[in-house]
Amino acid sequence: DLIGQLVIYPALGNHDYLTKQAQPYLDFFSPPRDEASKTERYYRIRWGHLEVWSLDSNQDHGPDSAQTTWLRRTLAASDSTVRGREAFKSLRFMA
């Protein structure tokens, strides 16, 4: 059973918000709770030298928003040696 051997880190999308503030998504997936952001709606994971930021494009992401402030802070504090094309982010946009 391949799916039982995979680690899945989801990203919230616009269709998730057609429900009660995406609560079914949060209940089903149980995404990691980021200690710095205190939320599961956007988070950072680290796997060896690789860091992945999962952002919520449905939340406020203006220049002074909590999500953007958190992203700037965690990017600046990152000591990951993976850069450029090998750096990843996970973000779903409304179409």
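As shown above, the structure is provided for reference.
Everything numeric here is computed off the predicted structure, so don't read it as measured data.

**Points about the packing of aromatic side chains**
- Applying the stated criterion to the full structure yields three aromatic pairs.
- Seen in terms of ring centroids, Phe28 and Phe29 are 5.0 Å apart; in terms of plane orientation they differ by 90°. Their pairing is edge-to-face.
- Residue classification places Phe28 among the exposed positions, given a relative accessible area of 66%.
- Classification of Phe29 by relative accessible area gives partly exposed; the value is 37%.
- With centroids separated by 5.0 Å and ring planes inclined at 55°, the aromatic side chains of Tyr42 and Trp70 adopt a geometry described as tilted. Of the two residues, Tyr42 is situated in the loop between helix H1 (23–29) and strand S1 (43–47) and Trp70 in helix H2 (residues 66–77); the sequence distance between them amounts to 28 residues. The exposure classification of Tyr42 matches that of Trp70, with both residues buried.
- Ring-pair connections join several aromatic residues into one group, and the members of that group are Tyr25, Phe28 and Phe29.

**Topic: the pairing of S1**
- Relative to strand S2 (residues 50–54), S1 runs antiparallel, the two sharing five bridges. Looking at S2, one finds that Arg44 is bridged to Trp53.
- Here S1 folds back onto S2 in antiparallel fashion, the turn holding two residues, of which Gly48 has a positive phi close to 65°.

**Some remarks on a nonpolar patch on the surface**
- A cluster of nonpolar side chains, namely Leu2, Ile3, Leu6, Ile8, Phe28 and Phe29, defines an oily patch on the protein surface of about 670 Å² accessible area.
- Among the structural elements, Phe28 can be located in helix H1.

**Here we look at the nonpolar core**
- Of all hydrophobic cores here, the largest spans five residues; its members are Leu12, Tyr17, Ala22, Tyr25 and Leu26.
- Ignoring sequence-local partners within four residues, the contact set of Ala22 consists of Leu12, Asp16, Tyr17 and Arg41.

**Regarding the environment of Tyr25**
- Considering the arrangement of structural elements, one finds Tyr25 in helix H1.
- Residue Tyr25 is classed as buried on the basis of its relative accessible area, which comes to 6%.
- C-alpha separation for the pair Tyr25 and Leu12, spaced 13 residues apart in sequence, amounts to 7.6 Å.
- Tyr25 has contacts with Pro10, Ala11, Leu12, Asp16, Ser30 and Pro31, leaving out every residue within four places of it along the chain.

The rules we used
- Residues numbered from 1 in each chain as written.
- Predicted model: local features only at pLDDT ≥ 70, side-chain atom pairs only at ≥ 80, totals over all residues.
- Heavy atoms only, no water.
- Phe/Tyr/Trp six-rings, centres within 6.5 Å; stacked < 30°, edge-to-face > 60°.
- Buried < 20%, exposed > 50% of the residue type's maximum accessible area, 1.4 Å probe, protein only.
- Helix = DSSP H or I, 4+ residues; strand = E, 2+ residues; numbered from the N terminus.
- Pairing = 2+ DSSP bridges.
- Patch = residues over 30% accessible without salt bridge, like charges linked within 9 Å, V, L, I, M, F, W, Y side chains within 5 Å.
- Areas by Shrake-Rupley, 256 points an atom, 1.4 Å probe, with all protein chains shown as cover.
- Salt bridge = Lys/Arg side-chain N within 4 Å of Asp/Glu carboxyl O.
- Core = buried A, V, L, I, M, F, W, Y, C linked by side-chain atoms within 4.5 Å.
- Contact = heavy atoms within 4.5 Å.

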